[in-house]
Amino acid sequence: MGWKLEENINEGKVLQFVNEFMNGESIKLDRWKINIRNDNDDTEVIYMNNQIIIGSIELIDPRKRSLVTNIVSLIKDSKGDVQNFINLYIDGEKIVFDEEFSTIVIKNIPFYMGNMINIWGSINDFKYQTESFDDRLLEVVGIKNLSHGHKIRSDQESGYRIGQGSDIRIVFDFKGVELPVSVDGLYWKETESVTIHISFENSDTIVAKKGTFAASTGLARKSGWLYKRGSVNRAWRLRWCTIKNGFFSYYEGQMDKPRGVINLKESHINTVVKERTSFEIITPNRIYMIDTRETQEDVNSWVSACQLEGSIP
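Notes on the structure in this doc start here. These figures come from a predicted structure and were not determined experimentally.

Cut-off values and rules
Residues numbered from 1 in each chain as written. Predicted model: local features only at pLDDT ≥ 70, side-chain atom pairs only at ≥ 80, totals over all residues. Heavy atoms only, no water. Helix = DSSP H or I, 4+ residues; strand = E, 2+ residues; numbered from the N terminus. Contact = heavy atoms within 4.5 Å. Areas by Shrake-Rupley, 256 points an atom, 1.4 Å probe, with all protein chains shown as cover. Salt bridge = Lys/Arg side-chain N within 4 Å of Asp/Glu carboxyl O. Expected span 1.5 Å × (residues − 1). Buried < 20%, exposed > 50% of the residue type's maximum accessible area, 1.4 Å probe, protein only. Phe/Tyr/Trp six-rings, centres within 6.5 Å; stacked < 30°, edge-to-face > 60°. Lys NZ or Arg CZ within 6 Å of the ring centre and 35° of its normal.

What the chain contains, in helices and strands, is five helices and 22 strands. Counting contacts in the chain only where the partners sit at least 6 residues apart, residues at least 24 apart contribute 62% of the total. Working note: accessible area of the chain is about 16,200 Å², and carbon and sulfur atoms make up 47% of it.

Dropping the structure here:
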């Protein structure tokens, strides 16, 4: 991600690309299993890292479940009726739509149709967890019409948040229509009454251009609840923590202003501590002790994120 391979090759920057790739950063990315089952119980399985798009913002080649090399992008301002042809379930709960959508996006990453645009939006609220690439959660976003889609592409607006969950089920109830579907570059028009079930499979490690991945998405490289020990009162307190743009920040709650901000470029991370689930952020003025209360793998994930953000110029 962030490589622009074709552009680099066309401009004769192959050696530069190889060097940047060798110095790229490893990022965990969830991988999702998609079961497609029809009324005859015939099942097809495909896998997704990025997103599934259902709807009529982009009309696509009608060849069923085949990779399209020449996609004719015909843009259509539909009446926003996707919800009339599907039933959507998130973690077993049926979604009752209070808006009309021409497109529904179920996404694992913030990018939409090749644009570095976070259609979920960057505002945190208490209803949903902060978006991440390896949190075993998918975000479900609605796009109302062509005008709304253009505003999202130009970063003027975000999509409509429908929900977030780890188990997504879409039941297609067709009434003589063809509904465009795409999954990570696999395009087709669905014409059958099928059920699409999306569930977590595993996490893959990908290589991204150093310093561009988290910055381009506007997301924190890592975020979550951690315990921080006080400097005066040595009690452990639960804090919402984020790693972004070279800083480790901690908050009382996701919607609060930060209680503290640590410059990771001026810090050293120490993992040799008494508590096996802890690590220290050592600055010129203070030592911050952080405890994940989780596994060693989780500790390593936070430490790696701190070290990576601290190393980016």
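More follows now that the structure is in view.
Oppositely charged side chains may form a pair once their charged atoms are brought near each other. Inspection of the entire model under this criterion finds five salt bridges. Notably, a salt bridge pairs Asp41 with Arg37, separated by 3.5 Å at the nearest N-O pair. For Lys144, the salt bridge identified is with Glu99, shortest N-O distance 3.9 Å. You can see Lys144 sitting in the loop between strand S10 (138-143) and helix H3 (146-153) and its partner Glu99 sitting in the loop between strand S8 (93-94) and strand S9 (103-107), a full 45 residues away along the chain.

If you check helix H5 (residues 296-311), its first and last C-alpha atoms are 22 Å apart, about what 16 residues at 1.5 Å a residue would give, namely 22 Å. The complete set of buried residues in H5 reads Val299, Trp302, Val303, Ala305, Cys306, Leu308 and Glu309.

This paragraph deals with the packing of aromatic side chains. The geometry of an aromatic ring pair is captured by the separation of the ring centres together with the interplanar angle, meaning the angle of the planes. Under the definition given, this model contains seven aromatic pairs. Between Tyr250 and Tyr288 the ring centres are 6.3 Å apart and the planes differ by 55°, which places this aromatic pair in the tilted class. Remark: Tyr288 occurs in strand S22 (residues 287-291) and Tyr250 occurs in strand S18 (residues 247-251); sequence separation between them is 38 residues. On the basis of relative accessible area, Tyr250 is assigned to the buried category, the value being 7%. According to the relative accessible area criterion, Tyr288 is buried, its value standing at 13%. Ring-pair connections join several aromatic residues into one group, and the members of that group are Phe97, Phe101 and Tyr160. The ring of Trp302 has Lys222 lying over it, and the distance from NZ or CZ to the ring centre is 5.3 Å. Residue placement shows Arg293 over the ring face of Tyr227; its charged tip is 4.0 Å from the ring centre.

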